Amino acid sequence: MLLLFTITVVYSALQIRPSFGEPSVHSTNGTFAVSLPMTLYNGGFYDISGLNITTQATDNEGSIVTSSTTLFPLISGGASATLRHNMSIAIQQAATSDLSHLLFMDSEFEVNTHLRLVYAKAFPFEISFNMSMPWGAPFANLTLGEVAVVPVNITHFRALIPVSFENHSFLEMNGTIALEIVDYLNNVVGTSSTSFDASPGSLSETSVEIIVSGNPANIREARLSFQTPYFNYGPMVMSLV
Amino acid sequence: MLPRVAKATVKGLLYLFLFYIIPVFLLSQVAGFAPQLSEDFQQRVTVFAAITVFFAVAAELTSGTIYQHGLNIGRALILIIYFVIALDGGIMKMDLDIIEGQRINIMADLRTYLMILISIDLLALAKSVLQMVNFLSERTEKQLPQPLPHENL
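Residues numbered from 1 in each chain as written. Chains lettered and ligands numbered in written order. Predicted model: local features only at pLDDT ≥ 70, side-chain atom pairs only at ≥ 80, totals over all residues. Heavy atoms only, no water.

An account of the overall build of chain A is requested, with residue identities and associated values reported.
Along its length, chain A carries three helices and 16 strands. With the C-alpha coordinates of chain A rotated into their principal frame, the extents come out at 100 × 30 × 20 Å. Within chain A, the fraction of its 241 residues that count as buried is 44%. Partitioning the contacts of chain A with sequence separation of at least 6, the portion at a separation of at least 24 is 63%. Total accessible area computed for chain A in this model is approximately 11,900 Å², and 54% of it derives from carbon and sulfur atoms. (Helix = DSSP H or I, 4+ residues; strand = E, 2+ residues; numbered from the N terminus. Buried < 20%, exposed > 50% of the residue type's maximum accessible area, 1.4 Å probe, protein only. Contact = heavy atoms within 4.5 Å. Areas by Shrake-Rupley, 256 points an atom, 1.4 Å probe, with all protein chains shown as cover.)

Outline the packing of aromatic side chains, listing residues and values.
Applying the stated criterion across every chain yields a total of 22 aromatic pairs over all chains. When the centroid spacing of 5.4 Å and the interplanar angle of 90° are considered together, the rings of A:F165 and A:F196 count as edge-to-face. Taken together, the positions of A:F165 in strand β11 (residues 156-166) and A:F196 in strand β13 (residues 188-198) put the pair 31 residues apart, joining distant regions of the chain. Each of the two residues, A:F165 as well as A:F196, counts as buried. In this structure an aromatic cluster arises from ring pairing among A:F104, A:F139, A:F165, A:F196, A:F226, A:F231 and A:Y233. When the ring centre of B:F41 is taken as reference, the NZ or CZ atom of B:R44 above it lies at 5.2 Å. (Phe/Tyr/Trp six-rings, centres within 6.5 Å; stacked < 30°, edge-to-face > 60°. Lys NZ or Arg CZ within 6 Å of the ring centre and 35° of its normal.)

Describe the interface of chain B and chain A, listing the residues and the values that go with them.
Taken together, the contact pairs 19 residues of chain B with 18 residues of chain A. Regarding the contact of chain B and chain A, the summed buried area is about 1,600 Å², with carbon and sulfur atoms giving 71% of it. At the boundary of chain B and chain A, one finds zero salt bridges. For the interface between chain B and chain A, the tally reads four residue pairs in polar contact (both at pLDDT 80 or more). Among the elements of the structure, α1 (2-30), β2 (102-109) and α4 (111-143) of chain B are those that each provide at least two residues to the side of chain B that touches chain A. Sorting elements by how many residues they give to the side of chain B that touches chain A places β2(B) first, with eight residues. Considered class by class, the residues forming the side of chain B that touches chain A number 14 nonpolar, three polar and two charged. As judged from the five bridges shared by strand β8 (residues 123-135) of chain A and β2(B), these two strands associate in the antiparallel manner. Directly across from A:F125, in β2(B), lies its bridge partner B:A108. (Buried area = accessible area lost by both parts, 1.4 Å probe. Salt bridge = Lys/Arg side-chain N within 4 Å of Asp/Glu carboxyl O. Polar contact = N/O pair within 3.5 Å; in protein donor to acceptor, adjacent residues only side chain to side chain. Nonpolar A, V, L, I, M, F, W, Y, C, P; charged D, E, K, R; others polar. Pairing = 2+ DSSP bridges.)

An account of the environment of A:S193 is needed here, citing residue identities and associated values.
Residue and element names in this part refer to chain A. Along the chain, S193 falls in strand β13. As a C-alpha pair, S193 and F157 span 36 residues in sequence and 17 Å in three-dimensional space. Each residue touching S193, except ones within four places of it in the same chain, is listed here: I177, A178 and V208.

Requested: an account of the nonpolar core, with residues and values cited.
If you look at the biggest cluster of nonpolar residues, it comprises 50 residues, and the most contacted ones within it are A:L51, A:Y119, B:F83, B:L87 and B:L110. In terms of residues, this core owes the most to one element, helix α2 (residues 35-61) of chain B, which gives nine residues. Contacts of A:L51, omitting those with residues within four sequence positions, involve A:L40, A:T70, A:L71, A:F72, A:I75, A:L83, A:L115, A:R116 and A:L117. A:F32, A:V163, A:F165 and A:V208 belong to the second largest nonpolar core, which has 48 residues in total. (Core = buried A, V, L, I, M, F, W, Y, C linked by side-chain atoms within 4.5 Å.)

Account for the packing of helix α3 (residues 66-86) of chain B against α4(B), with residues named and values stated.
All names here are of chain B. At their nearest, the axes of α3 and α4 sit 9 Å apart, and the two run at 165° to each other. Judged by the angle between their axes, α3 and α4 are roughly antiparallel. For the pair α3 and α4, the sense of crossing is left-handed. Split into classes, the residues belonging to the contact of α3 with α4 amount to 18 nonpolar, five polar and one charged. (Axes fitted to C-alpha atoms, helices over the stretch in contact; angles between N-to-C directions. Parallel < 35°, antiparallel > 145°, perpendicular 65-115°, else oblique. Left-handed = near helix turned anticlockwise from the far one by under 90°.)

Describe the sheet that holds strand β15 (residues 219-227) of chain A, naming the residues involved and giving the relevant values.
Sheet strands line up and pair through hydrogen bonds in the backbone, either parallel or antiparallel. All names here are of chain A. Read across the sheet, four strands follow the order β13-β12-β15-β16 without closing on themselves; strand pairing throughout is antiparallel. Either end of the sheet is taken by a strand with one partner, and the two such strands are β13 and β16 (232-239). Looking at each pair of strands side by side, their axes are set apart by 20° on average, direction ignored. Inspection of the sheet shows strand β12 (residues 173-183) paired to β13 by 10 bridges, in the antiparallel sense. Residue pairing in the sheet places A178 in a bridge with S193 of β13.

Report on the pairing of β12(A), specifying residues and quantitative values.
Residue and element names in this part refer to chain A. The hairpin turn running from β12 into β13, its antiparallel successor, is four residues long, and N186 in that turn takes a positive phi close to 70°. Of the strand pairs in this sheet, β12 and β15 are connected by eight bridges, and their pairing is antiparallel. Residue A178 lies in a different strand from β15, and its bridge partner there is S225.

In structure tokens form, the structure reads like this:
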């Protein structure tokens, strides 16, 4: 009896045919959703129960970016099941947590996939594998160029600061960047803002004109704040050349 | 002796078919996508088939003797050890290279299955021990001097 059960279990397990569809990436309201369609044909005699698919994506610094779970209670013997496992990354979450580097630096996510199931109501299985997924930063290679200074009067000067970045994400990025110029005494000596509109994969170059009080030699840094429809982030401190 | 040899041969061939030919055929089905898994399991199946066929034939050839029970006890003990080793103590872990450059770790929890196998072998062991005791006691009884009729009076 046990021999017959063992043989039929092995035979049935060999009749399981998983197939994976093309993963699709959507972005809505600042959330990236990666969807993996999967079809599991259980051609054997026994049920697959408690199928649990868990994925956890970590960035190259080891921080958890997203984690999601899909449950499928039962795939009967001889039946086929189509399931869709979704992973979503809210860019707002990146802006408000310690994942802010993902806004400015491209990364390679390590996606750990973990499958758990019980076959023939007797054999618990755990299957795990890793894959990598590229992440494109919406403000990649953010750079403040060389500051051009033009005196306005004895106490003020006009500073022209080139700002450039590349939108490596799937999102249409638009909004404003607000700049504050800070001197060595930590005083804000000038403020301004500029709007931007960067389509996915494009380079955005703009110049911010600021009237600054005091001596140009006393300028220490610029503080940048980003306002977009998806998130607000800042201030981000960058030194000025 | 000749019918015993014929019976042992038939039993050996039947066991070979059940415990070697069928499992190897099933494993050959996996060889396409997981040759490493197929190779590994084929070794385990071969050892299992060798143990089973050897003990089946040997026990058949020595049937009616004390050796038959000794061999049955030996088979039960060896199979218990074999199952524990072959099933990695009930938790089997495999690293497979199914997709190129993509390692897949599989862990199967076979502890319940292993417990059932061990239980069956322990029952077989107990049965063989009892059969051996029965065989020895019957033989001793036969060797005892038969009481004479006048002593009964």
